[in-house]
Amino acid sequence: MEVDFNKNPDGLIPAIIQDAQTKNVLMLGYMNQEALEKTQKTSKVTFFSRTKQRLWTKGEESGNYLELVKMNLDCDRDTLLVQVNPVGPTCHKGTGTCWGEENEQNYGFLSQLEEIIASRMDDKENPDSYVSSLFRKGINKIAQKVGEEAVETVIEAKDNDDDLFLNESADLLFHYLILLQAKGYHLSDIARTLQKRHK
């Protein structure tokens, strides 16, 4: 990896720190050649501290290290994307990221949908909500709906109507998300289970 440390007069390049699992950006630091070499040698992310004017391994005092997974160099060879497994919170203020956010797995719209389902579960008495009505009817009805949607998805998979197949698949996933929460779980729990199986 040929990093161009000469782009800036101080010999530093930005290092964007990203969680290798969640893909969330955790923090931004700066590296010089020595910091990069120490990071590669120890597999613990080391920066050049502009405040202390010395090398600084993240976690050297707190124990909240950033364990190196891999590094990528950008097209101009002057910025690093450093993927890590964080040990503890990244920010010195105790949050998962230096932007005041927790480092939680996010599945885009599916995570938003999980939040909506959770709000309906907390508001079971809402007479206008289909999801609330399912939670009122209980786990047996929710599980039954997942079974019905699974059968309908299989039926449409055997035909050639892609639109119907996608709609039935969406119905299945939607009801499965409801079932997960009814059982006290989330997509992240399923992802972890699949990761454990992966070899």
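A brief look at the structure comes next. Here the structure is a predicted model, which means the values were calculated and not measured. Residue numbers restart at each chain and count upward from 1, following the sequence in its written direction. It should be noted that, the model being predicted, local features are given only for residues of pLDDT at least 70 and side-chain atom pairs only at 80 or more, the latter also being counted only at that level, while totals for whole chains, interfaces and linings use all residues. Based on all heavy atoms of the structure, the side-chain values leave hydrogens and waters out of the count.

1. Points about the overall build of the chain
- Each helix and strand in the chain was counted, giving 6 helices and 6 strands.
- Helix and strand definitions here come from DSSP, where helices need a minimum of 4 consecutive H or I residues and strands a minimum of 2 consecutive E residues; each element is numbered from the N-terminal end. Order of helices (α) and strands (β) in the chain, N terminus to C terminus: β-β-α-β-β-β-β-α-α-α-α-α.
- Its C-alpha atoms give the chain a radius of gyration of 23 Å, more than 25% over the compact-globule value 16 Å for 199 residues.
- Taking the principal axes of its C-alpha atoms as reference, the chain extends roughly 65 × 40 × 30 Å.
- Looking at the chain residue by residue over its 199 residues, the buried ones come to 34%.
- Residue contacts are defined here by distance: any two heavy atoms, one from each residue, within 4.5 Å place the two residues in contact. Pairs at least 24 residues apart make up 46% of the contacts formed inside the chain by residues separated by at least 6 positions.
- Where accessible areas are quoted, they stem from the Shrake-Rupley method and a 1.4 Å probe; at the residue level, only the protein chains shown are allowed to cover. Accessible surface computed for the chain: about 12,400 Å², of which carbon and sulfur atoms make up 50%.
- Positive: Lys, Arg. Negative: Asp, Glu. His and the chain ends are not part of the count. Note on charges: their place is set at NZ of Lys, CZ of Arg, CG of Asp or CD of Glu. Taking the 24 positively charged and 32 negatively charged side chains of the chain as two groups, their mean positions are separated by 8 Å. All radius of gyration figures rest on C-alpha atoms, and the globule criterion is 2.2 Å times the number of residues raised to 0.38. Relative accessibility under 20% of the residue-type maximum defines a buried residue, over 50% an exposed one, and the middle range a partly exposed one, all with a 1.4 Å probe and only protein chains included.

2. A look at the nonpolar core
- Nonpolar core, defined: a set of buried Ala, Val, Leu, Ile, Met, Phe, Trp, Tyr and Cys residues in which side-chain atoms within 4.5 Å join the residues together. Grouped together as the largest cluster of nonpolar side chains are 17 residues, with contacts concentrated most on Ile17, Met31, Val45, Phe47, Leu66, Leu80 and Val82.
- Secondary-structure elements contributing two or more residues to this core are β1 (13-19), β2 (25-31), α1 (33-42), β5 (66-73) and β6 (80-86).
- Residues within four places of Leu80 in sequence aside, it is in contact with Met1, Ile13, Pro14, Ala15, Ile16, Met31, Leu36, Met71, Asn72 and Leu73.

3. Here's the deal with the packing of aromatic side chains
- Between 30 and 60 degrees the pair is tilted, below 30 it is stacked and above 60 it is edge-to-face, where a pair is any two Phe, Tyr or Trp rings, Trp via its six-membered ring, whose centres lie within 6.5 Å. One pass over the full model with this rule turns up 1 aromatic pair.
- Here Lys44 stacks its cationic end above the ring of Tyr65, 5.1 Å away from the centre of that ring. The rule is short: NZ of Lys or CZ of Arg within 6 Å of the ring centre and within 35 degrees of the ring normal puts a charge over the ring.

4. Some words on the side chain of Thr90
- Assignment of secondary structure puts Thr90 in the loop between β6 and α2 (109-122).
- A relative accessible area of 2% means that Thr90 is categorised as buried.
- For this analysis, a polar contact is any N or O atom pair within 3.5 Å, provided that within protein one partner can donate a hydrogen and the other can accept it, and provided that sequence-adjacent residues contribute only side-chain to side-chain pairs. Among the polar contacts made by the side chain of Thr90, one reaches the main-chain carbonyl oxygen of Gly96 at a distance of 3.4 Å.
- For Thr90, the contacting residues outside a window of four places in its chain are Leu26, Met27, Lys58, Leu66, Thr95 and Gly96.

5. Notes on the sheet that holds β5
- For two strands to pair, DSSP has to find at least two bridges joining them. With mixed pairing, the 4 strands of this open sheet are ordered in space as β2-β1-β6-β5. At either margin of the open sheet sits one strand with a lone partner, and together these are β2 and β5. Recorded for the sheet is a direction-independent mean angle of 30° between the axes of neighbouring strands.
- When β1 meets β6, the two strands line up parallel, connected through 5 bridges. With axes taken as lines fitted to C-alpha atoms, and helix axes fitted only over the stretch in contact, angles between N-to-C directions fall between 0 and 180 degrees.

6. Looking at unusual backbone geometry
- Unlike most non-glycine residues, Ser43 shows phi in positive territory, near 65°.
- With respect to the helices and strands, Ser43 occurs in the loop between α1 and β3 (46-49).
- Judged by relative accessible area, Ser43 falls into the partly exposed class, the value being 34%.

7. Some words on the pattern of salt bridges
- Any Lys or Arg side-chain nitrogen located within 4 Å of an Asp or Glu carboxyl oxygen qualifies as a salt bridge. Using the criterion set out here, one finds 5 salt bridges in the structure.
- Between Arg54 and Glu60 there is a salt bridge, with the nearest N and O atoms lying 3.1 Å from each other.
- Linking Lys145 and Glu148 is a salt bridge whose minimum nitrogen-to-oxygen distance equals 3.5 Å. Taken together, the residues Lys145 and Glu148, both in helix α4 (residues 139-157) and 3 residues apart, mark about one turn of the helix.
- Judged by relative accessible area, which is 15%, Lys145 ranks as buried.
- Given a relative accessible area of 31%, Glu148 falls into the partly exposed group.

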